[in-house]
Amino acid sequence: MLDHVARYAEAKGIKTLQSIESRDNHMAIAVERDMGFSVVSDPGDPSTVIVTRNLTSAAGPDPVIPSWA
């Protein structure tokens with residue numbers, strides 16, 4: 001699902017995806033790291049982390065996503 005969201009966002013021209021995760025959500029953080037997200041401590045809340053992935057596409061929009069979406 002996260003891969004689909006990333007591809008859709010990239011096709012729409014979004015440059016960065018960010019999420020706030022509970023520091024205790026080790027499984028989600030591991031999945032996001034595997035998908036190329038970076039993880040940093042949330043300076044405003046020690047119980048959470050901020051995960052970020054920069055999106056770049058040289059190939060253009062995903063052909064599976066219709067242009068009207």
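J.: Before we go on, may I ask you to explain the sheet that holds strand S3 (residues 48–54) in this structure?
T.: Either a parallel or an antiparallel arrangement is found when strands of a sheet pair, and the pairing is made through backbone hydrogen bonds. Strand order in the open sheet formed by 3 strands is S1-S3-S2, and the pairing between neighbours is antiparallel. Of all strands in the sheet, those bounded by a partner on one side alone are strand S1 (16–22) and strand S2 (38–41). Neighbour-to-neighbour, the strand axes of the sheet open up by a mean angle of 25°, direction not taken into account. Summarising the sheet, S2 and S3 pair through 4 bridges and their orientation is antiparallel. Within S3, the residue paired with Ser 41 across the bridge is Val 49.

Rules behind the numbers
Residues numbered from 1 in each chain as written. Predicted model: local features only at pLDDT ≥ 70, side-chain atom pairs only at ≥ 80, totals over all residues. Heavy atoms only, no water. Pairing = 2+ DSSP bridges. Helix = DSSP H or I, 4+ residues; strand = E, 2+ residues; numbered from the N terminus. Axes fitted to C-alpha atoms, helices over the stretch in contact; angles between N-to-C directions.

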